Amino acid sequence: MSSEINNPNVTEDDWAAALTETKSAEGEDATSAIETAPGEPHVFQRLAKTGISANEQTSDIDLILDIPVTLTVELGRTRIPIKHILQLAQGSVIELDALAGEPMDVLVNGCLIAQGEVVVVNEKFGIRLTDIVTPSERVRRLNR
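Each chain carries its own residue numbering, running from 1 in the direction its sequence is written. Selection of residues for local features in this predicted model requires a pLDDT of at least 70, selection of side-chain atom pairs for listing and counting requires 80 or more, and totals for whole chains, interfaces and linings are taken over all residues. Think of the side-chain values as coming from all heavy atoms in the structure, minus any hydrogens and water.

Participant: What is the right way to look at the overall build of the protein in this model?
Facilitator: Of regular secondary structure, the protein possesses five helices and four strands. Secondary structure elements follow DSSP: runs of H or I of four or more residues count as helices, runs of E of two or more count as strands, with numbering from the N terminus. Taken from N to C terminus, the helices and strands of the protein fall in the order α-α-α-β-α-β-β-β-α. Buried positions account for 9% of the 144 residues belonging to the protein. We call two residues contacting when some pair of their heavy atoms lies within 4.5 Å. Residue pairs at least 24 apart in sequence account for 27% of intrachain contacts in the protein once pairs closer than 6 positions are excluded. Taken as a whole, the protein presents about 12900 Å² of accessible surface, with 55% of it coming from carbon and sulfur. Relative accessibility thresholds used throughout: buried, under 20% of the residue-type maximum; exposed, over 50%; partly exposed, between the two (1.4 Å probe, protein chains only). Accessibility throughout is a Shrake-Rupley quantity obtained with a 1.4 Å probe, and a residue counts as covered only by protein chains that appear here.

Below you can see the structure in the form of structure tokens.
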């Protein structure tokens, strides 16, 4: 049948016969995708409305829960010339624009989502979130 696809002598009846064969072979209604009469343009079928329950809508978020993102805690920033970077050695101190005790920024993929303070838990550094940025505030900051 693949040689018949490009053959201009193949008629609609040949296609109907092929679809009927497919229908009987697969046990399905293979002609359901073609709703128009021969010679009329094909039109997409209307989708049936499905009653999506609240449980199904909330389960959609499960699709994205395992996507990895980069979480960064920013202590501060500074701009220094390359000649000063080349002079850095072990024990050098770099002055940041943040003040001591000032909240640290928590960024997800570069977007500020929260601020917090540094804590030590079991000899490891962590951050205690003190302020969560609202979604409307995040959108406002993106528009700057």
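Participant: Looking at this model, I keep getting lost on the pairing of strand S3 (residues 111–121). Mind explaining?
Facilitator: In regular strands, side chains alternate between the two faces of the sheet. Where strand S2 (residues 104–108) and S3 come together, five bridges link them in antiparallel fashion. Counterpart to Asp105 in the pairing with S3 is Gln115. At least two bridges found by DSSP between two strands is the condition for calling them paired. Counted along the chain from S2 to the antiparallel partner S3, the turn is two residues long, and its residue Asn109 has a positive phi close to 50°. With eight bridges connecting them, S3 and strand S4 (residues 124–132) associate as antiparallel partners. Paired with Val120 across the bridge in S4 is Phe125.

Participant: Sorry if this is basic, but what is going on with unusual backbone geometry here?
Facilitator: Excluding glycine, most residues fall at negative phi; most peptide bonds, likewise, are trans. Even without being glycine, Asn122 reaches a positive phi, approximately 50°. Looking at where Asn122 falls in the secondary structure, it is placed in the loop between S3 and S4. Phi angles above zero are rare outside glycine, and Glu123 is one such case at about 65°. Overall, Glu123 belongs to the exposed group, its relative accessible area being 79%.

Participant: Sorry, what's going on with the side chain of Glu74 here?
Facilitator: Relative to the elements of secondary structure, Glu74 occurs in strand S1 (residues 71–74). For Glu74, a relative accessible area of 18% corresponds to the buried category. Polar contact is defined as a pair of N or O atoms within 3.5 Å, subject to the rule that within protein one atom must be able to donate a hydrogen and the other to accept it, and that residues adjacent in sequence are counted only when both atoms are side-chain atoms. A polar contact of 2.9 Å, which involves the side chain of Glu74, links it to the side chain of Arg77. Excluding residues within four positions of it along the chain, Glu74 makes contact with Met104, Asp105 and Leu107.

Participant: Teacher, can you tell me more about the pairing of S2 here?
Facilitator: In this structure, S1 lies alongside S2, joined through four bridges in antiparallel fashion. Looking across to S2, one finds that Leu71 is bridged to Val108.

Participant: In this structure, what is going on with the confidence of the model for the protein? I would like to understand it.
Facilitator: The predicted coordinates should not be examined in detail at positions where pLDDT is low. Every residue carries a pLDDT, the predictor's confidence in it, which falls somewhere between 0 and 100. For the protein, the average pLDDT comes to 77, and 66% of its residues sit at 70 or higher. Within the protein, the lowest mean pLDDT, 46, falls on helix H1 (residues 2–5), and the highest, 95, falls on helix H4 (residues 82–86).

Participant: Please clarify how the sheet that holds S1 should be interpreted in this entry.
Facilitator: As a general point, the strands of a sheet are linked pairwise by backbone hydrogen bonds and lie either parallel or antiparallel. With respect to topology, four strands assemble into an open sheet ordered S1-S2-S3-S4, the strand pairing being antiparallel. What marks the edges here is a single partner per strand, and that holds for S1 and S4. Averaged over all neighbouring strand pairs, the angle between strand axes comes to 40°, with direction disregarded. Here, axes are lines fitted to C-alpha atoms. For helices the fit covers the stretch in contact, and angles between N-to-C directions go from 0 to 180 degrees.

Participant: For this particular structure, what's the right way to read the pattern of salt bridges?
Facilitator: Pairing is possible between side chains of opposite charge, provided their charged atoms come close. The term salt bridge refers to a pairing of a side-chain nitrogen on Lys or Arg with a carboxyl oxygen on Asp or Glu at a separation within 4 Å. Under the defined criterion, the tally for this structure stands at three salt bridges. Two residues, Glu117 and Arg128, come together in a salt bridge whose shortest N-O distance is 2.8 Å. A residue pair is termed long-range when its members are at least 10 positions apart, and Glu117 in strand S3 and Arg128 in strand S4 qualify at eleven residues. Of the residues examined, Glu117 reaches a relative accessible area of 37% and is grouped as partly exposed. Note on Arg128: relative accessible area 46%, which makes it partly exposed. In this structure, Arg140 and Glu137 form a salt bridge, with 2.7 Å as the shortest nitrogen-oxygen distance.

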